[in-house]
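The primary structure of each chain is shown beneath.
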Amino acid sequence: MATTRKSLLITTELTRKNILDLLDITLHDVNQVFFYGQALVSIQNLSLGHKIQLHRWAQQAEVVGYCGSVVARYNCHDIQLHHWQEYGLTEFYAKLHDANSLEQF
């Protein structure tokens with residue numbers, strides 16, 4: 001029996017409202033959560049409380065990753081992604097598409 005793998009790609013700028021919308025998404029069928037683009041850049045502007053909520057929510061997935069080249073490009077190293085996996089661009093896209101379905105937020 002094949003395992004269903006679902007990826008969630010978060011690219012939207014994370015504002016207070018978007019964080020609340022994101023936290024409403026149940027991750028019970030999501031294996032991978034990836035952060036990219038404006039989502040990564042905007043994490044550094046979140047309050048500590050929202051960062052904690054985001055990290056706890058994302059940890060429900062098997063894999064939580066981000067593209068390290070985006071962090072380097074936008075110099076947003078202070079986003080505190082301690083438990084998230086950094087991937088190079090090629091590896092990031094390969095992991096992202098190693099799923100049966102992909103949703104973007």
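Refer to the structure presented above.
Everything in this summary refers to the structure shown in the same document.

**Describing unusual backbone geometry**
Here is step 1 of the chain: For N75, which is not glycine, the phi torsion reads 50 degrees and is therefore positive.
Here is step 2 of the chain: Residue placement: N75 occurs in the loop between α4 (68-74) and β4 (85-87).

**Observations concerning the pattern of salt bridges**
Here is step 1 of the chain: Applying the stated criterion across every chain, the model contains three salt bridges.
Here is step 2 of the chain: Among the ionic contacts, a cluster of salt bridges with common partners joins K6, D29 and E103.

**A word on helix α3 (residues 48-58)**
Here is step 1 of the chain: Those residues of α3 that sit buried are H50, K51, L54, H55, W57 and A58. Down the axis of α3, the smallest arc covering the buried residues is 165 degrees, so these residues share one side. The outward face of α3, more than 90 degrees from its buried face, is lined by the exposed residues L48 and R56.
Here is step 2 of the chain: Residues of α3 that are buried make contact with β1 (6-10), α1 (16-23), β2 (32-35), α2 (38-43) and β3 (63-67).

**Some points on the sheet that holds strand β5 (residues 101-104)**
Here is step 1 of the chain: Spatial strand order, β4-β3-β2-β1-β5: five strands in an open sheet with parallel pairing. Each end of this open sheet is capped by a strand with a single partner; those strands are β4 and β5. Here the strands of the sheet are splayed against their neighbours by 25 degrees on average, with no regard to which way each runs.
Here is step 2 of the chain: In terms of strand pairing, β1 meets β5 through four bridges, oriented parallel. By the bridge assignment for β5, S7 is matched with L102.
Here is step 3 of the chain: Where helix α5 (residues 89-96) meets the sheet, it contacts β1, β2, β3, β4 and β5, and its direction lies at approximately 140 degrees from that of β2.

Cut-offs used in this document
- Residues numbered from 1 in each chain as written.
- Predicted model: local features only at pLDDT ≥ 70, side-chain atom pairs only at ≥ 80, totals over all residues.
- Heavy atoms only, no water.
- Helix = DSSP H or I, 4+ residues; strand = E, 2+ residues; numbered from the N terminus.
- Salt bridge = Lys/Arg side-chain N within 4 Å of Asp/Glu carboxyl O.
- Buried < 20%, exposed > 50% of the residue type's maximum accessible area, 1.4 Å probe, protein only.
- Arc of directions from axis to C-beta.
- Contact = heavy atoms within 4.5 Å.
- Pairing = 2+ DSSP bridges.
- Axes fitted to C-alpha atoms, helices over the stretch in contact; angles between N-to-C directions.

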